[in-house]
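In case you want the letters, here they are:
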Amino acid sequence: MELAELKELADKEKAEQKPIRIRCCTAAGCLSSNSQAVQQALTDAVTTAGLADRVEVLPVGCMRLCCEGPLVQVDPDGAMYGKVDPGQAASIVGTLQGGQTEARVIDTNMPFFRDQVSIVLENSGRINPERIEDYLSVGGYQALLHVLREMTPNQVVETMTRSGLRGRGGAGYPTGVKWGLIAKQPATQKFVICNADEGDPGAFMDRSVLESDPHRVLEGMAIAAYAIGASQGFVYVRGEYPLAIHRLEIALRQARKMGVLGTQIFESPFNFRIDIRIGAGAFVCGEETALIGSIEGKRGTPRPRPPYPTESGLWQAPTLINNVETLANVAPIITRGAEWYASIGTAKSKGTKVFALAGKVRNTGLVEVPMGITLRKIVEEMGGGSPGGSIKAVQTGGPSGGCIPASALDTPVDYESLTALGSIMGSGGMIVMDDATKMVDVAKFFMEFCMDESCGKCVPCRAGTVQMYRLLARIVEGEATAADVAQLEALCDLVRNTSLCGLGQSAPNPVLSTLRYFREEYNALLQPAPPAPPPSNQRIPLPVARG
Amino acid sequence: MNSITLTIDGKLISAPGDQTILEAARENDIHIPTLCNLEGISAVGACRVCLVEVSGSNRLAPSCLTKVAEGMQVQTATDRLREYRKMIVELLFAERNHICSVCVANGNCELQDLAVTVGMDHVRYEYQYPSCSVDVTHKEFGVDHNRCILCTRCVRVCDEVEGAHTWDVSGRGMQSRVITDLNQPWGTATSCTSCGKCVQACPTGALFRQGSTVAEMKKDRELLDFLMTAREKKQWIG
């Protein structure tokens, strides 16, 4: 297939679209509030009204304002309705014939929508994720074709490097540099892995991307595979995302059928096969070496790095592991150019970042914003502030991140600034907390999460998180003294510096950041120090070591 | 392999380039404490007591896995490392029911020795007192999970030396347990060859020979060495 034919397919698909399209969200959030019935009711209402020849109802992915689901939007005028009940379907269709509807109208000009910059989510909520034709109609797989026809692998790597894209999984390693490291390896067998083991509490960006636009991720993987010289890829997706898995499977089947994945892609010598591997519910399998172990069929435990997976990864072959959102950025960078991408964002953090806005904030859902935007703009303007009072803190980065106090809300969102505040960019979870939130409880919650999710391999993480959790529980229950807080801090230092993998090394972050900004909340829960015991020089002797 | 020079604790030493910091230190009589490490089986870097400071890196390096490098400057016993090691040993003692006075390995236990080495005189952390079982269904050996520190030496020696892979780990975090075959009683684990390597490899009293009582379970590391190298050295013949 040549570019002209691909464009012809896209044009044909567009020509077949009916002039009025009613889009109904069928991503997991809206589905759980009955959007499937809404979609059916809309379809029936269109037929009943006799509009079937010029109106179509299509299931689409996430339309972002999840708190107002199920969401319905009517093209071309763009009217959006929220919390739609199947009973309101007839009146929504009626508006097309000049009628009135009692359905809740969503203002699409509010900052939540207006201030978003869509790259990763540009097709999300606009196309049917279960039809490859829809993806082709918005220019899908043209970037892959362009890469195969017009670019050398080195040029692809160089384009990614110039774009300034950094890993969206949290650590922010420059994507082009990572690709280049693997491309330079002489090995004949290499792998591409898409890390879709999104496990942070409160984070649902990757799930939405996979549910709303799976082909975008597959296209990114194929371009990456061409750049580094891989012929096999895996999507490692957590088992808790059945809809994402289902849509990925559909997408893979359609892509193989169309010849955009598989052997001799677009009649070129490039072969690339993608398989899905489903995680079994361990948070630590999002850590790259544990993820590799899991794909190999082993117990999902991290191993020390170096060697990094770029040298020795899956079955000891050089392996590229990129997050879903990172890969979703690849096709637009190829299509629109590295300079375009690098023009968005700050000096060191380029492009956009998708955040899952949740917690005590009016507008919850997905926001895609340019790097460098302030936290205040995200939570107060786009998020609409807190309904119950004033915002106290914003938690980013999940159990590996920290709590940023309201006083630091004017900080620009980029990798370095968030790290300086004691948090991390993370994968994109953003939980807003109001005055009613007790920060010690927050620290305890995340520590319990880390304790449960520690793989048990290294001692500081396995046993240290348990002790930290117990100390936090004692503080919350009002049974602790200042000495317990000192011990907690010592344990934080130990676990951070001696744990084997990122899970343990970052597990103390929620405690450290709440201690840094909200120490008075800890102090308020403490018992006064007990009187010092009389000094004693007696110690129980231990058995003497042999030899 | 080219020889390289490095300094460990201020002492200038030379070592083959493929050696780990731990191996180079041992050859030069510099003692770095270890727990999960056992000569002859792969290193996993899990216990974290052999961590050392390497100049120019802000991360602590597991000496059992980190290769020596030209000009490397290693510190093995700074105040910070000593404190970390002590804390790690205390965490291990608080994690399971390590009651030395009634343990088969009392006096012959690497965990106990390490506690003395790092100067642990009490445990600052809350004891967890987990409910752990003892499995004596095997005809010769037993496993007491109260004493297990999850070093996985048994798992590795069984897999890498005996080739049976009877042992593995189930669960995660504090729920982790070493298991035989598909988490079944050891006596019913059909892959077990009863070679006893795991018992000899175990640093504590978790794996023991049945019939041994308090302080009687001495680990015979020479036997392990013999089992590992006998074929190469043709010691089985005559």
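Predicted model, so just to flag it, every value in this text is computed and none were measured.

## Structural notes on the overall build of chain A
Move 1: Regarding its fold elements, chain A presents 23 helices and 14 strands.
Move 2: For chain A, the spread of C-alpha atoms along the three principal axes comes to 90 × 60 × 40 Å.
Move 3: When the 547 residues of chain A are sorted by exposure, 56% land in the buried category.
Move 4: For chain A, restricting intrachain contacts to residue pairs at least 6 apart in sequence, the fraction spanning at least 24 positions comes to 74%.

## Structural notes on the sheet that holds strand E5 (residues 73–75) of chain B
For sheets, the rule is that strands pair by backbone hydrogen bonds, running either parallel or antiparallel.
All names here are of chain B.
Move 1: Spatially, 5 strands are ordered E2-E1-E5-E3-E4 in an open sheet, and the strand pairing comes out mixed. Two strands close off the open sheet at either side, each with one partner strand: strand E2 (11–16) and strand E4 (61–62).
Move 2: Relative to E2, strand E1 (residues 3–8) is paired through 6 bridges, and the arrangement is antiparallel. Bridging from a neighbouring strand, Ser-3 pairs with Pro-16 of E2.

## With respect to the domain arrangement of chain B
Residues and elements named next belong to chain B.
Move 1: For chain B, the domain assignment lists domain 1 (3–77) and domain 2 (101–229).
Move 2: Of the residues lining the interface, 11 residues belong to domain 1; the matching set on domain 2 comes to 15 residues.
Move 3: In terms of residue class, the side of domain 1 that touches domain 2 is made up of 9 nonpolar, 2 polar and no charged.

## Considerations on the domain arrangement of chain A
All names here are of chain A.
Move 1: By the assigned domains, chain A splits into domain 1 (18–108), domain 2 (132–341), domain 3 (347–432) and domain 4 (439–524).
Move 2: A separation of 33 Å is found between the C-alpha centroids of domain 1 and domain 2.
Move 3: Counting from both sides, the interface comprises 4 residues of domain 1 and, opposite them, 6 residues of domain 2.
Move 4: A per-class count over the side of domain 1 that touches domain 2 returns 3 nonpolar, 1 polar and no charged.

## Description of the sheet that holds strand E13 (residues 402–405) of chain A
Residue and element names in this part refer to chain A.
Move 1: Strand order in the open sheet made by the 5 strands is E11-E10-E14-E12-E13, with mixed pairing throughout. Single-partner strands in this sheet number two, and they are strand E11 (365–370) and E13. The mean inter-strand angle of the sheet, taken between neighbouring strand axes irrespective of direction, is 30 degrees.

## Overview of the packing of helix H20 (residues 459–476) of chain A against helix H2 (residues 79–95) of chain B
Move 1: Interaxial distance between H20(A) and H2(B) falls to 9 Å at its minimum, and their mutual angle equals 65 degrees. Here H2(B) runs roughly perpendicular to H20(A), going by the angle between their axes. Judged by the twist between their axes, the crossing of H20(A) over H2(B) is left-handed. Of the residues in H2(B), those touching H20(A) at Val459(A), Pro460(A), Ala463(A), Gly464(A) and Gln467(A) are Ile88(B), Leu91(B), Leu92(B), Ala94(B) and Glu95(B).

## Observations regarding the packing of helix H21 (residues 482–498) of chain A against helix H23 (residues 509–524) of chain A
Residue and element names in this part refer to chain A.
Move 1: Here H21 crosses H23 at 170 degrees, and the two axes come no closer than 12 Å. Classed by the angle they form, the pair H21 and H23 counts as roughly antiparallel. Between H21, through Val-485, Leu-488, Glu-489 and Cys-492, and H23, the contact on the second element is made entirely by Val-511, Leu-512, Leu-515 and Tyr-522.

## Points about the interface of chain A and chain B
Move 1: Taken together, the 29 residues of chain A in the interface contact 36 residues of chain B.
Move 2: Residue assignment for the side of chain A that touches chain B shows that the elements contributing at least two residues are helix H19 (439–453), H20 and H21 of chain A.
Move 3: For the side of chain A that touches chain B, the leading source of residues is H20(A), giving 8 residues.

## Digging into unusual backbone geometry
All names here are of chain A.
Move 1: A cis geometry characterises the amide bond from Asp-75 onward to Pro-76, with omega recorded as 5 degrees.
Move 2: Here Pro-76 is to be found in the loop between strand E3 (72–75) and strand E4 (79–82).
Move 3: Not every positive phi belongs to a glycine, and Tyr-141 is a case in point at roughly 65 degrees.
Move 4: Note that Tyr-141 resides in the loop between helix H6 (132–137) and helix H7 (142–150).

## Focus on helix H17 (residues 375–382) of chain A
All names here are of chain A.
Move 1: Every buried residue of H17 is accounted for by Leu-375, Ile-378, Val-379, Glu-380 and Met-382.
Move 2: On its buried face, H17 sits against helix H5 (111–114), strand E10 (352–359), E11, strand E12 (391–396), E13 and strand E14 (429–434).
Move 3: Positive phi appears at Gly-384, one or two residues downstream of H17, with a value of about 80 degrees.

Reading the values: rules and limits
- Residues numbered from 1 in each chain as written.
- Chains lettered and ligands numbered in written order.
- Predicted model: local features only at pLDDT ≥ 70, side-chain atom pairs only at ≥ 80, totals over all residues.
- Helix = DSSP H or I, 4+ residues; strand = E, 2+ residues; numbered from the N terminus.
- Buried ≥ 20, exposed ≤ 12 C-beta atoms within 10 Å, placed from the backbone.
- Contact = placed C-beta atoms within 7 Å.
- Pairing = 2+ DSSP bridges.
- Domains from an automatic or database assignment.
- Nonpolar A, V, L, I, M, F, W, Y, C, P; charged D, E, K, R; others polar.
- Axes fitted to C-alpha atoms, helices over the stretch in contact; angles between N-to-C directions.
- Parallel < 35°, antiparallel > 145°, perpendicular 65-115°, else oblique.
- Left-handed = near helix turned anticlockwise from the far one by under 90°.

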